[in-house]
Amino acid sequence: MVDPEIRVVTIDDLGILRSVQEDPATGRVVVTITPTYTGCPAMDVIRADIRRALVATGHPDAEVRTVHKPAWSTDWISDAGRAKLAAAGIAPPAPARRDGVVPLTLAVRCPRCGSPETEQISRFGSTACKALWRCRSCAEPFDHVKAL
Ligand SMILES: [Zn+2]
């Protein structure tokens with residue numbers, strides 16, 4: 001199961017998948033997911049993908065629950081997910097500090113040459129979840145997953 005917008009990263013890497021549990025009363029499988037962004041069109045596809053996978057593994061009556069609290073944050077992207085995003089030319093968001101202080105300036109590094117000399121061209125990249133940035137060093141445009 002792969003985010004249709006970020007095909008190299010699994011929903012597990014993105015931290016969308018919260019849990020997969022069996023309801024002890026009914027024996028039904030309950031999959032809990034948290035959407036990355038409200039209105040992110042990828043979530044409908046992800047839900048459909050999960051449903052297909054559950055049917056394929058013999059759980060046609062499984063339930064896919066969407067929880068919005070706690071809200072998904074880019075912190076949930078795993079290290080493996082960040083590495084895959086970088087490899088795909090998508091700048092992964094900088095992790096927020098653990099003490100809850102959000103740094104005021106986040107250097108967005110160019111996924112191609114690693115230069116921090118970058119600028120945002122547009123708040124909207126190829127999808128609603130990404131912004132379009134450009135590297136001043138190598139002049140390459142790139143998608144950056146918006147940090148919350
Ligand atoms: Zn560059």
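For clarity, every value in this text was computed on a predicted model and none was experimentally measured. (Residues numbered from 1 in each chain as written. Predicted model: local features only at pLDDT ≥ 70, side-chain atom pairs only at ≥ 80, totals over all residues. Heavy atoms only, no water.)

## Quick notes on unusual backbone geometry
Here's step 1: Residues K69 and P70 are joined by a peptide bond in cis, for which omega reads -5°.
Here's step 2: Note that P70 resides in the loop between β3 (63–66) and α2 (79–87).
Here's step 3: Backbone geometry places A139, a non-glycine residue, at a positive phi of 65°.
Here's step 4: Of note, A139 is situated in the loop between β6 (130–135) and β7 (141–145).
Here's step 5: A residue is classified by how much of its surface remains accessible, and A139, at 53% relative accessible area, is exposed. (Helix = DSSP H or I, 4+ residues; strand = E, 2+ residues; numbered from the N terminus. Buried < 20%, exposed > 50% of the residue type's maximum accessible area, 1.4 Å probe, protein only.)

## Some thoughts on the environment of A80
Here's step 1: With respect to the helices and strands, the residue A80 is situated in helix α2.
Here's step 2: Among the residues examined, A80 registers a relative accessible area of 40% and is labelled partly exposed.
Here's step 3: The spacing of A80 and L14 is 66 residues in sequence and 9.2 Å in space, taken between C-alpha atoms.

## Describing the nonpolar core
Here's step 1: Judged by nonpolar contacts, the single largest core of 17 residues is most densely connected at I16, V31, I33, I46, I50 and L54.
Here's step 2: Looking at this core, the elements that each hand over two or more residues are β2 (29–33) and α1 (42–56).
Here's step 3: For this core, the element with the highest residue contribution is α1, accounting for four residues.
Here's step 4: Setting aside chain neighbours within four positions, we find I16 in contact with I11, T32, I33, T34, T36, M43, I46 and W72. (Core = buried A, V, L, I, M, F, W, Y, C linked by side-chain atoms within 4.5 Å. Contact = heavy atoms within 4.5 Å.)

## Topic: the confidence of the model for the chain
Here's step 1: Per-residue pLDDT for the chain has a mean of 75; in total, 76% of the residues score no lower than 70.
Here's step 2: Confidence over residues 1–6 falls short of pLDDT 50; this stretch has 28 contacts with residues more than four positions distant or in other chains.
Here's step 3: In this model residues 100–105 is a low-confidence stretch, pLDDT under 50, and it forms one contact with partners more than four residues away in sequence or in other chains. (pLDDT = per-residue confidence, 0-100.)

## Remarks on the coordination of the zinc ion
Ideal geometry at a metal centre: 109.5 degrees between donors when four sit tetrahedrally, and 90 or 180 degrees when six sit octahedrally.
Here's step 1: Note on the zinc ion: its protein donors are C110 (SG), C113 (SG), C135 (SG) and C138 (SG). The metal-donor distances range over 2.3 to 2.4 Å.
Here's step 2: If you look at the zinc ion, its four donor atoms make angles of 105 to 119° with each other, and the shape they trace is tetrahedral.
Here's step 3: In primary sequence terms, the donor set of the zinc ion follows C-x2-C-x21-C-x2-C. Of this pair, C110 sits in the loop between β4 (90–91) and β5 (118–122) while C138 sits in the loop between β6 and β7, placing them 28 residues apart in sequence.
Here's step 4: Given a relative accessible area of 3%, C110 falls into the buried group. (Donors = N, O, S within 2.8 Å, 3.2 Å for Na, K, Ca; no water. Tetrahedral: all angles 85-135°; square planar, octahedral: opposite > 155°, others 65-115°.)

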